[in-house]
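Structure assessment
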Amino acid sequence: VFSSNYTLYGDMSRRVMTTLEALAPRVDVYSIDEAFLDLTGIDRVVSFENFGREVRNTVYQNVGLPVCVGIAPTRTLAKLANHAAKRYPQTGGVLVLTDPQRRQRLLARTPVSAVWGIGRRLGRRLNDMEIETALDLAQTDYRLIRKRFSVVQERVVRELNGESCLPLETRLEPRQQIIHSRSFGEPVASLMAVRQAVSDFTARAAESMRAEGLS
């Protein structure tokens with residue numbers, strides 16, 4: 001059992017993202033451990049495969065963290081490529097899905113529930129429609145998917161076919177809420193202990209608000 005250190009995680013994340021921003025002109029920080037890079041035109045200078053390896057090597061050299069890189073025409077396909085880069089050691093941590101045949105092979109061996117935006121619950125409903133794999137979903141009429149589900153799942157089908165429907169978001173929108181909280185490691189019966197924790201977290205939340213110019 002290890003104790004968690006969220007301050008350290010946040011610092012490591014910032015160092016990774018700063019490294020990525022030095023390698024690509026546009027970076028969409030999706031979460032604490034994930035980002036999308038805009039690689040438009042970069043293959044005129046270096047192959048996607050070599051660029052992916054440069055990203056992987058540079059992050060490890062600068063931060064000491066191993067990362068995997070998935071490169072594809074859409075965000076949904078890039079997520080699948082990244083997942084495969086982690087799962088299959090022979091990729092060396094980098095997988096490029098620009099080749100349609102290679103893309104089809106990966107989609108055929110990927111359960112539909114593993115597709116970004118689908119998940120287990122929706123995956124079961126798709127299984128009932130005899131849609132078992134990501135390739136099955138890609139080959140389904142997107143109009144039927146929109147009718148049965150929603151425009152969100154329609155976009156997934158389009159993205160699996162190489163049509164980009166989810167553009168990069170490089171400008172951060174103002175946050176609607178700021179939360180700083182931790183769980184106590186043991187039962188707390190002292191009002192003073194609670195008061196100290198609330199005071200500490202309130203101060204941290206206010207610090208975040210000032211940093212983002214919020215009120």
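Anything mentioned here points back to the structure above.
A brief report on the enclosed structure follows.

It is worth spelling out the overall build of the protein at this point. Along the backbone of the protein there are nine helices and four strands. Seen in sequence order, the protein has helices and strands lined up from the N terminus as α-β-β-α-β-α-β-α-α-α-α-α-α. The buried share among the 215 residues of the protein stands at 33%. Counting only contacts in the protein whose residues sit at least 6 apart along the sequence, the fraction spanning at least 24 positions is 49%. Accessible surface computed for the protein: about 14300 Å², of which carbon and sulfur atoms make up 50%. Between the mean site of the 30 positive side-chain charges and the mean site of the 24 negative ones, the protein shows a separation of 3 Å.

Let us look at the side chain of Arg75. Summarising the element assignment, Arg75 is placed in helix α3 (residues 75-87). The exposure class assigned to Arg75 is buried, which follows from its relative accessible area of 10%. Within the local environment of Arg75, its side chain forms a polar contact with the side chain of Asp28, the two groups lying 2.7 Å apart. Residue contacts for Arg75: discarding those within four places in its chain leaves Asp28, Tyr30, Phe36, Trp116, Glu159, Leu166, Pro167, Leu168 and Glu169.

Turning to helix α5 (residues 119-128), its buried residues are Leu122, Gly123 and Leu126. Taken around the axis of α5, the buried residues stretch over an arc of 110°, which confines them to a single face. Seen from the open side of α5, the exposed residues pointing more than 90 degrees away from its buried face are Arg120, Arg121, Arg124 and Asp128. Its buried side turned inward, α5 meets α6 (134-138), α7 (142-148) and α8 (151-160).

Another point: the pattern of salt bridges. Applying the stated criterion to the full structure yields nine salt bridges. The residue Asp141 makes a salt bridge to Arg143 at a minimum N-O spacing of 3.1 Å. Three or more residues are tied together by salt bridges with common partners; here these are Arg146, Glu154, Arg158 and Glu163.

Here strand β1 (residues 27-31) pairs with strand β2 (residues 34-37) via four bridges, running antiparallel. By the bridge assignment, Val29 is partnered in β2 with Ala35. If you look at the hairpin formed by β1 and β2, you'll find two residues sitting between the two strands.

This paragraph deals with a nonpolar patch on the surface. A surface patch of nonpolar side chains, amounting to about 430 Å² of accessible area, comprises Phe184, Val188, Leu191, Val194 and Val198. With respect to the helices and strands, the residue Val194 is situated in helix α9 (residues 191-211). On the accessibility criterion, Val194 (34% relative accessible area) is partly exposed.

On to the packing of α3 against helix α4 (residues 100-108). Remark: α3 packs on α4, axes separated minimally by 11 Å, with the N-to-C direction vectors making an angle of 70°. Taken together, the axes of α3 and α4 lie roughly perpendicular to each other. Mapping the contact onto sequence places Leu77, Leu80, Ala81 and Ala84 in α3 and Arg103, Leu106 and Leu107 in α4. Residues of the contact of α3 with α4, tallied by class, amount to six nonpolar, no polar and one charged.

It is worth spelling out the nonpolar core at this point. Counting 25 residues, the largest nonpolar core has Leu107, Ile118, Leu126, Leu137 and Leu160 as its most contacted members. Every element with two or more residues in this core is listed here: α3, α4, α5, α6 and α8. The element contributing the most residues to this core is α3, with five residues. In this structure, Leu160 is in contact with Thr76, Leu77, Leu80, Arg103, Leu107, Val115, Ala134, Leu137 and Ala138, ignoring residues within four places of it in sequence.

Looking now at helix α2 (residues 48-63). Quick reminder: α-helices carry 3.6 residues per turn. Residues three or four places apart thus point the same way. With 16 residues, α2 extends 22 Å between its outermost C-alpha atoms, agreeing within 8% with the 22 Å of an ideal straight helix rising 1.5 Å per residue. Along α2, the residues classified as buried are Phe48, Phe51, Gly52, Val55, Thr58, Val59 and Val63. The buried side chains of α2 occupy one side of the element, clustering within an arc of 130° when seen end-on. Turned more than 90 degrees away from the buried face of α2 sit Asn57 and Gln61, all of them exposed. Directly beyond the C-terminal end of α2, a positive phi value near 85° is found at Gly64.

Cut-off values and rules
- Residues numbered from 1 in each chain as written.
- Predicted model: local features only at pLDDT ≥ 70, side-chain atom pairs only at ≥ 80, totals over all residues.
- Heavy atoms only, no water.
- Helix = DSSP H or I, 4+ residues; strand = E, 2+ residues; numbered from the N terminus.
- Buried < 20%, exposed > 50% of the residue type's maximum accessible area, 1.4 Å probe, protein only.
- Contact = heavy atoms within 4.5 Å.
- Areas by Shrake-Rupley, 256 points an atom, 1.4 Å probe, with all protein chains shown as cover.
- Lys, Arg positive; Asp, Glu negative; His and termini not counted.
- Charge placed at Lys NZ, Arg CZ, Asp CG, Glu CD.
- Polar contact = N/O pair within 3.5 Å; in protein donor to acceptor, adjacent residues only side chain to side chain.
- Arc of directions from axis to C-beta.
- Salt bridge = Lys/Arg side-chain N within 4 Å of Asp/Glu carboxyl O.
- Pairing = 2+ DSSP bridges.
- Patch = residues over 30% accessible without salt bridge, like charges linked within 9 Å, V, L, I, M, F, W, Y side chains within 5 Å.
- Axes fitted to C-alpha atoms, helices over the stretch in contact; angles between N-to-C directions.
- Parallel < 35°, antiparallel > 145°, perpendicular 65-115°, else oblique.
- Nonpolar A, V, L, I, M, F, W, Y, C, P; charged D, E, K, R; others polar.
- Core = buried A, V, L, I, M, F, W, Y, C linked by side-chain atoms within 4.5 Å.
- Expected span 1.5 Å × (residues − 1).

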